[in-house]
Amino acid sequence: MRPSKRAPDALRPVTLERAVSRHAEGSCLVRFGETHVLCTATAGEPVPPWLKGSGRGWVTAEYGMLPRATNDRMRREAAAGKQSGRTQEIQRLIGRSLRAVADLPSLGEKQIIIDCDVLQADGGTRTASITGAWVALHDALAWMEARSMIKGKVLRDHVAAVSCGLYGGEAVLDLDYAEDSEADADANFVITGAGGIVEVQGTAETEPFSQEQFDQLMLLARTGIAQLVELQKLTVA
């Protein structure tokens with residue numbers, strides 16, 4: 001039995017609340033159970049210097065956790081003077097995931113920055129961030145299109161992410177912290193609406209897992225991603 005009493009193939013309650021920031025061109029408050037992330041998009045920024053003159057735009061992300069997003073207060077990374085390796089890895093993952101479904105030449109030489117700030121963490125902060133960031137990006141692009149700032153359709157597809165793992169010898173979907181901290185293996189899957197695989201991050205925590213077990217995790221991930229994409233569609237409809 002899972003600590004949350006959910007079925008193995010059940011997501012936590014997921015909500016996507018758009019337009020929650022007064023100032024951002026696109027925003028989404030995403031909740032995966034008790035994991036809450038605020039995603040805000042800043043549109044029309046200059047592209048990085050290495051892209052100037054290329055005719056292509058850029059989509060990137062920054063990620064951070066508030067000091068009391070977890071049980072104990074974490075020191076702000078700004079106070080420490082540098083980002084942790086984990087933070088850098090997650091924000092690069094978010095950026096890669098969004099660029100996988102973006103037509104950057106259609107954006108022109110403009111940059112969109114997505115900020116993902118974890119308000120409360122209970123496992124799956126990176127997967128929640130990616131899923132909510134897509135909504136923020138969608139709305140930022142709609143804002144730009146309404147002002148004739150982009151050449152054509154930039155978003156080519158949806159993208160969402162979910163975690164899966166082996167808990168108590170069973171493959172389960174969307175791990176919360178109680179499961180993630182005790183899992184025999186866990187993996188994060190980033191998949192597009194069309195079913196294309198953007199990235200898979202998988203780790204055995206105790207013993208190596210088999211191909212059959214990985215296939216079970218992939219099947220669960222596809223089930224979960226399909227539900228998340230449908231929720232994205234309903235949110236931006």
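The model shown is predicted, which means the values in this text are computed figures rather than measured ones.

(A) Structural context of the overall build of the chain. Within the chain, the secondary structure is distributed over 6 helices and 9 strands. Taking 18 Å as the expected radius of gyration for a compact globule of 237 residues, we find that the chain reaches 18 Å, a close match to that expectation. For the chain, the share of sequence-separated contacts (at least 6 apart) that also reach a separation of at least 24 residues comes to 71%. With an accessible surface of roughly 11300 Å², the chain has 49% of that area assigned to carbon and sulfur atoms.

(B) Representation of the pairing of strand β6 (residues 159–167). Judged by how many residues are buried, β6 sits mostly within the fold: 8 of 9 residues are covered. Inspection of the sheet shows β6 paired to strand β8 (residues 185–192) by 8 bridges, in the antiparallel sense. The residue bridging A161 from the neighbouring strand is V190, located in β8. In terms of strand pairing, β6 meets strand β7 (residues 170–173) through 4 bridges, oriented antiparallel. Its bridge partner being in β7, Y167 is matched across the sheet by E170. From the end of β6 to the start of β7, which pair antiparallel, there are 2 residues, and G168 there has a positive phi angle of about 60°.

(C) Local environment of the state of the cysteines. By the definition in use, this model includes 0 disulfides. C39 provides the cysteine sulfur closest to C28, a residue in no disulfide bond, and the two sulfurs are 5.8 Å apart. Of the residues examined, C28 reaches a relative accessible area of 0% and is grouped as buried. Cysteine C39 shares no disulfide, and the gap to the nearest cysteine sulfur, in C116, comes to 3.9 Å. C39 gets classed as buried once you look at its relative accessible area, which sits at 0%.

(D) Highlighting the sheet that holds strand β9 (residues 197–204). Pairing within the open sheet is antiparallel, and its 4 strands lie in the order β7-β6-β8-β9. Looking along the sheet, the strands with just one partner apiece sit at the ends: β7 and β9. Pairs of neighbouring strands in the sheet enclose a mean axial angle of 15°, with direction left out of account. With respect to the sheet, helix α2 (residues 85–99) is in contact with β6, β8 and β9, its orientation differing from that of β9 by roughly 150°.

(E) A look at the packing of helix α4 (residues 125–146) against helix α6 (residues 211–236). At a minimum axis separation of 11 Å, α4 and α6 run at an interaxial angle of 30°. Relative to α6, the element α4 is oriented roughly parallel. Crossing geometry of α4 relative to α6 is assigned as right-handed. Counted together, T131, W134, V135, H138 and D139 of α4 and L228, Q232, T235 and V236 of α6 form the full contact between these two elements. Here the residues of the contact of α4 with α6 sort into 4 nonpolar, 4 polar and 1 charged.

(F) Local environment of the layout of surface pockets. Put simply, the largest pocket is a space of about 550 Å³. Residue lining of the largest pocket: 23 residues in total, with R86, G123, G124, Y177 and D180 positioned closest to the centre. Only α4, β6, α5 (177–180), β8 and β9 provide two or more residues apiece to the lining of the largest pocket. Take the lining of the largest pocket: its biggest share by element is 3 residues, from β8.

(G) Structural detail: the pattern of salt bridges. Enumeration according to the criterion identifies 9 salt bridges in this entry. Here R12 makes a salt bridge to D174, at a shortest N to O gap of 2.9 Å. Here R12, found in the segment before β1 (14–18), pairs with D174, found in the loop between β7 and α5; they are 162 residues apart in sequence, far enough to count as distant. Here D139 and R18 are joined by a salt bridge, their closest N and O atoms 2.7 Å apart. You can see D139 sitting in helix α4 and its partner R18 sitting in strand β1, a full 121 residues away along the chain. Overlapping salt bridges, with partners in common, bring together R2, R6, D176 and E179 in one network.

Cut-offs and rules
Residues numbered from 1 in each chain as written. Predicted model: local features only at pLDDT ≥ 70, side-chain atom pairs only at ≥ 80, totals over all residues. Heavy atoms only, no water. Helix = DSSP H or I, 4+ residues; strand = E, 2+ residues; numbered from the N terminus. Rg over C-alpha atoms; globule rule 2.2 N^0.38 Å. Contact = heavy atoms within 4.5 Å. Areas by Shrake-Rupley, 256 points an atom, 1.4 Å probe, with all protein chains shown as cover. Buried < 20%, exposed > 50% of the residue type's maximum accessible area, 1.4 Å probe, protein only. Pairing = 2+ DSSP bridges. Disulfide = S-S within 2.5 Å. Axes fitted to C-alpha atoms, helices over the stretch in contact; angles between N-to-C directions. Parallel < 35°, antiparallel > 145°, perpendicular 65-115°, else oblique. Left-handed = near helix turned anticlockwise from the far one by under 90°. Nonpolar A, V, L, I, M, F, W, Y, C, P; charged D, E, K, R; others polar. 1 Å grid on protein atoms, 1.4 Å probe; cavity = no way out; pocket = protein on both sides within 12 Å on 5 of 7 lines; lining within 4 Å. Points joined across faces, edges and corners; volume = space filled by probe spheres on them. Salt bridge = Lys/Arg side-chain N within 4 Å of Asp/Glu carboxyl O.

Fair warning: the whole summary comes from geometry, so function is off the table for now.
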